[in-house]
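Spelled out, the chains give:
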Amino acid sequence: VVTHLFQVLSFIAMEPPVALRPKALIDEKAKVFESMVPVRGDDVVRGQYEGYVQEPGVDERSQTETFVAVRAFVDNWRWEGVPFYLRTGKRMPEQRSVVTLVFRRPPSRMFRDLPEHSEFDHDYLALELGGPNEGVSATFLAKMPGPTIELSPARMEFRYEGSFGSHLIQAYERLIHDAIIGDPSLFQRADGIARTWEIVADVVAAPPPLHPYAQGSWGPEAAHELIAPHQWRLPDRDVVARGAAAGA
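Only a predicted model underlies this, so the values are computations on that prediction, with no experimental measurement involved.

Asks: Any chance you could explain the overall build of the chain here in plain terms?
Replies: Helices and strands together make up the secondary structure of the chain, namely seven helices and eight strands. Expressed as a percentage of its 248 residues, the buried residues of the chain come to 38%. Put simply, of all contacts in the chain between residues at least 6 apart along the chain, 56% involve residues at least 24 apart. Working note: accessible area of the chain is about 14900 Å², and carbon and sulfur atoms make up 57% of it.

Asks: How should I be thinking about the sheet that holds strand 2 (residues 67-73) in this particular structure?
Replies: Strand pairing within a sheet occurs via backbone hydrogen bonds; the two strands may be parallel or antiparallel. Here four strands make up an open sheet; going across it, the order is 3-2-1-8 and the pairing mixed. In this open sheet, the two strands that pair with only one neighbour each are strand 3 (83-89) and strand 8 (210-213). Mean inter-strand twist for the sheet, computed between neighbouring axes without regard to direction, equals 25 degrees. Taken together, the four bridges between strand 1 (residues 44-49) and strand 8 define a ladder with parallel strand orientation. Paired with arginine 46 across the bridge in strand 8 is leucine 210. In the packing of helix 1 (residues 5-13) onto the sheet, the strands contacted are strand 2 and strand 3, and the crossing angle to strand 3 comes to about 150 degrees.

Asks: Help me out: how do you make sense of a nonpolar patch on the surface in this one?
Replies: Where nonpolar side chains cluster on the molecular surface, the patch consists of Tyr172, Ile176, Ile180 and Ile181 and spans about 520 Å² of accessible area. Relative to the helices and strands, isoleucine 176 resides in helix 4 (residues 171-181).

Asks: What should I look at first to understand helix 4 in this one?
Replies: At 3.6 residues per turn, the α-helix brings residues three or four places apart onto the same side. With one of eleven residues buried, helix 4 is to be regarded as a mostly surface element. Immediately downstream of helix 4, the backbone of glycine 182 shows phi near 80 degrees, a positive value.

Asks: Just checking my understanding: could you explain the sheet that holds strand 6 (residues 135-143) for this structure?
Replies: The strand order across the open sheet built from four strands is 4-5-6-7, with neighbouring strands paired in antiparallel fashion. Edge strands, defined here as strands with exactly one partner in the open sheet, are strand 4 (98-102) and strand 7 (151-159). Each neighbouring strand pair of the sheet contributes to a mean axis angle of 20 degrees, computed without reference to strand direction.

Asks: Quick question: what am I supposed to make of the pattern of salt bridges here?
Replies: Note on pairing: side chains with opposite charge can pair once their charged atoms come close. Following the criterion strictly, the structure yields 16 salt bridges and no others. A salt bridge links arginine 61 to aspartate 59; the nearest nitrogen and oxygen atoms lie 3.5 Å apart. The exposure class assigned to aspartate 59 is partly exposed, which follows from its relative accessible area of 41%. Between arginine 155 and glutamate 157 there is a salt bridge, with its nearest N and O atoms 2.8 Å apart. On the basis of relative accessibility, which here comes to 30%, the residue arginine 155 falls in the partly exposed class. Salt bridges sharing common partners tie together Lys23, Asp27, Arg189 and Asp191.

Asks: Quick question: what am I supposed to make of unusual backbone geometry here?
Replies: A negative phi angle is the norm for most residues apart from glycine, just as the trans form is the norm for most peptide bonds. Omega for the peptide link from alanine 228 to proline 229 comes to 10 degrees, which places this bond in the cis form. Secondary-structure assignment places proline 229 in the segment after helix 7 (221-227). The backbone of arginine 91 sits at a positive phi, close to 60 degrees, despite the residue not being glycine. Counting through the fold element by element, arginine 91 comes out in the loop between strand 3 and strand 4.

Asks: Looking at this structure, how should I read the confidence of the model for the chain?
Replies: It should be kept in mind that the predicted coordinates are not to be read in detail where pLDDT is low. Chain-level statistics for the chain give a pLDDT mean of 86 and a share of 87% at 70 or above. At the low end of the mean pLDDT range in the chain sits helix 3 (residues 160-164), at 74; at the high end sits strand 1, at 98. Every residue in residues 236-248 is under pLDDT 50, and counting partners more than four places away or in other chains gives 52 contacts.

Asks: Which parts of the structure should I look at to understand the packing of aromatic side chains?
Replies: The geometry of an aromatic ring pair is captured by two quantities: the separation of the ring centres and the angle between the planes. If you walk through the whole model with that rule in mind, you get six aromatic pairs. Between tyrosine 85 and tryptophan 232, the aromatic rings sit 6.0 Å apart at their centres with planes inclined by 75 degrees, giving edge-to-face as the arrangement. Of this pair, tyrosine 85 sits in strand 3 while tryptophan 232 sits in the segment after helix 7, placing them 147 residues apart in sequence. According to the relative accessible area criterion, tryptophan 232 is buried, its value standing at 6%. Taking 4.9 Å as the distance between ring centres and 70 degrees as the angle between the ring planes, the aromatic pair formed by phenylalanine 158 and tyrosine 160 counts as edge-to-face.

Reading guide: rules and limits
- Residues numbered from 1 in each chain as written.
- Predicted model: local features only at pLDDT ≥ 70, side-chain atom pairs only at ≥ 80, totals over all residues.
- Heavy atoms only, no water.
- Helix = DSSP H or I, 4+ residues; strand = E, 2+ residues; numbered from the N terminus.
- Buried < 20%, exposed > 50% of the residue type's maximum accessible area, 1.4 Å probe, protein only.
- Contact = heavy atoms within 4.5 Å.
- Areas by Shrake-Rupley, 256 points an atom, 1.4 Å probe, with all protein chains shown as cover.
- Pairing = 2+ DSSP bridges.
- Axes fitted to C-alpha atoms, helices over the stretch in contact; angles between N-to-C directions.
- Patch = residues over 30% accessible without salt bridge, like charges linked within 9 Å, V, L, I, M, F, W, Y side chains within 5 Å.
- Salt bridge = Lys/Arg side-chain N within 4 Å of Asp/Glu carboxyl O.
- pLDDT = per-residue confidence, 0-100.
- Phe/Tyr/Trp six-rings, centres within 6.5 Å; stacked < 30°, edge-to-face > 60°.

Set out below in structure tokens:
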């Protein structure tokens, strides 16, 4: 969470840098970390997949988590009151890295017959990070063909591999390359690292209880409860999975 998901959060939440240069990018990321509210125990769900303690070399009394869901807030003028929901885990159905930006409903809606927290509650933009599906997709309501006004979810997609036809280097290949050429754009300064550990200090000192979950599932039920009545938007699903979560 600290070394990866918080870094992704900072790229999403940061203000536009004055230039696409390492110092400008790192400065803006550091401002996000300074604005983050410390994470408390009730903002976190920890899970451990069933059978983890039977793995070779694992203590049968291990309290190590294999799943974490976090609710975080950035306390500045742009993101005040907007929750950022983060989740990561092992033994999930798929290995994917996705950022979903969920748009608020406008105060005045043309289609007022859509119920709150319906199966399709918001328009959203999904950023697929890495892998063969790396790209951007937008999902929204569109009028179905025909004489009547009937809405249905529609999707537009952009894929890097299909658009440029070139091999996409993997995440660690990119980091090693940047380290070799001395480009720190995707790295973090010492003050930023120290601040991210301050944000989670209370949880590290007093971790919340572990929740078991089945291997091949999307994690414990408590992760859904963390963001109810919203819902997590899981990979490759235009229809949301039952359970929880809105917005970036």
